[in-house]
Amino acid sequence: MDQNEKKYRVARAALAFVPANAIVGVGTGSTANFFIDALGEQRANIRGAVASSEASAARLRALGITLFDLNEAGELPIYVDGADETTRERCLIKGGGGALTREKIVAAASRQFVCVVDDSKLVAQLGRFPLPVEVIPLARAQVARALTQLGGRPVLRAGFVTDNGNQILDVHDLIISAPGALETQINQLVGVVTNGLFANRPADVVLMSTPHGVERF
């Protein structure tokens, strides 16, 4: 079974968590795209969606799904998104697609966060995937110096601007033994918008596609 087949299966499994007549929070990335496509087949059963990126909004709109602004929608019953890494404790690294800030906002506004991944994303400890940190452009060098002092090797994501008009530093070589504490520490650096650790608000459910089916933890 190839990776796309795994993503397809786990994305469809997430449909079982979507309440009828709900406004659904929708993430960004390749696995989220499979979920968006599956959601399009069920669009008559939902009110609409809140997107975590302009790319996801365009895909939802193309499928005829009504889009809501989060400020108008209020608290959401569910948010479905992928991840770049997950542990068995459901702590995540996200932001490979660059939408980490909006993803974190929509996740925080949702009662249940369902994360959909394939088994290549499961790790014993976060940090193999570089940690994305969204920064105000003026503060990029200052934040990079602070991240270096934390033991990381920050690399500017060249030619990339977030939907919020900011830049991303991808931080390599971090030892993330206490993800919640590190998430808070990095977010307190002046000039950081947020970072891609989802540990203080982890996923409530992880659905992981394997060659033997979809596992839940």
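Criteria and cut-off values
Residues numbered from 1 in each chain as written. Predicted model: local features only at pLDDT ≥ 70, side-chain atom pairs only at ≥ 80, totals over all residues. Heavy atoms only, no water. Phe/Tyr/Trp six-rings, centres within 6.5 Å; stacked < 30°, edge-to-face > 60°. Helix = DSSP H or I, 4+ residues; strand = E, 2+ residues; numbered from the N terminus. Buried < 20%, exposed > 50% of the residue type's maximum accessible area, 1.4 Å probe, protein only. Lys NZ or Arg CZ within 6 Å of the ring centre and 35° of its normal. Pairing = 2+ DSSP bridges. Axes fitted to C-alpha atoms, helices over the stretch in contact; angles between N-to-C directions. Contact = heavy atoms within 4.5 Å. Core = buried A, V, L, I, M, F, W, Y, C linked by side-chain atoms within 4.5 Å. Salt bridge = Lys/Arg side-chain N within 4 Å of Asp/Glu carboxyl O.

Chemist: Residue-level account of the packing of aromatic side chains, with values.
Modeler: Within this structure, the stated rule accounts for three aromatic pairs. Ring centres of Tyr79 and Phe113 lie 5.1 Å apart, and the angle between their planes is 45 degrees; on these two criteria the pair is classed as tilted. Of the two residues, Tyr79 is situated in strand S3 (residues 78–81) and Phe113 in strand S6 (residues 113–118); the sequence distance between them amounts to 34 residues. Classification of Tyr79 as buried rests on a relative accessible area of 0%. Judged by its relative accessible area of 0%, Phe113 is buried. Among the aromatic side chains, those forming a connected cluster through ring pairs are Tyr79, Phe113 and Phe198. Directly above the ring of Phe217 sits Arg88, whose terminal nitrogen or CZ lies 4.7 Å from the centroid. The ring of Phe198 carries the charged tip of Lys94 above its face, separated from the ring centre by 5.6 Å.

Chemist: Can you tell me about the pairing of strand S12 (residues 205–210), naming the residues and giving the values?
Modeler: The buried fraction of S12 is high, at six of six residues. The pairing of S6 with S12 spans five bridges and is classified as parallel. Across the sheet, Val114 pairs through a bridge with Val205, a residue of S12. Taken together, the four bridges between S12 and strand S13 (residues 213–216) define a ladder with antiparallel strand orientation. Each bridged residue has a counterpart across the sheet, and for Ser209 the counterpart in S13 is Val214. In this structure, the hairpin formed by S12 and S13 is closed by a connection of two residues.

Chemist: So, the sheet that holds strand S7 (residues 131–135): which residues are in play, and what are the values?
Modeler: Taken in spatial order, the four strands line up as S8-S9-S7-S10 in an open sheet, and their pairing is antiparallel. Pairing within the sheet leaves two strands with one partner each, and these edge strands are strand S8 (153–156) and strand S10 (192–195). Averaged over all pairs of adjacent strands, the angle between their axes in this sheet comes to 30 degrees, without regard to strand direction. Pairing analysis gives three bridges linking S7 to S10, with the strands arranged antiparallel. Bridge pairing in S10 links Val135 to Val192. Against the sheet, helix H5 (residues 100–108) touches S7, strand S9 (167–172) and S10, its axis set at about 70 degrees to S10. Lying over the sheet, helix H6 (residues 140–149) contacts S7, S8, S9 and S10, oriented at roughly 15 degrees with respect to S9.

Chemist: If you had to explain the environment of Thr31 to someone new, which residues and values would you point to?
Modeler: By the secondary structure assignment, Thr31 is in helix H2 (residues 30–41). Setting aside residues no more than four positions away along its own chain, Thr31 makes contact with Lys7, Val10, Ala11 and Val116.

Chemist: Pulling in residues and values, what's your account of the nonpolar core?
Modeler: Counting 25 residues, the largest nonpolar core has Val24, Val26, Phe35, Leu39, Leu60 and Leu207 as its most contacted members. Elements supplying a minimum of two residues to this core: helix H1 (3–13), strand S1 (23–26), H2, strand S2 (48–51), helix H3 (54–62), S3, S6 and S12. Of all the elements, H2 adds the most residues to this core, at four residues. With residues near it in sequence (within four places) discarded, Leu39 still touches Leu15, Val24, Val26, Ile46, Leu60 and Ile65. Listed in part, the 20 residues of the second largest apolar core include Val133, Val135, Val192 and Leu197.

Chemist: Describe the pattern of salt bridges, listing the residues and the values that go with them.
Modeler: A full pass over the atoms with the stated rule returns 14 salt bridges. Between Arg9 and Glu5 there is a salt bridge; the shortest N-O distance is 2.9 Å. Of this pair, Arg9 and Glu5 both sit in helix H1, separated by four residues, roughly a single helical turn. With its nearest N and O atoms 2.9 Å apart, the salt bridge here joins Glu41 to Arg12.

Chemist: Before we move on, can you summarise the pairing of S3 with the specific residues and values?
Modeler: Put simply, side chains in a regular strand alternate between the two faces of the sheet. Along S3, one buried face is formed by Ile78 and Val80 and the opposite face, lined by Tyr79 and Asp81, is buried too. Sheet analysis places S1 next to S3, joined by three bridges and oriented parallel. Residue Gly25 lies in a different strand from S3, and its bridge partner there is Tyr79. Relative to S6, S3 runs parallel, the two sharing three bridges. Note that in S6 the partner of Val80 across the bridge is Val114.

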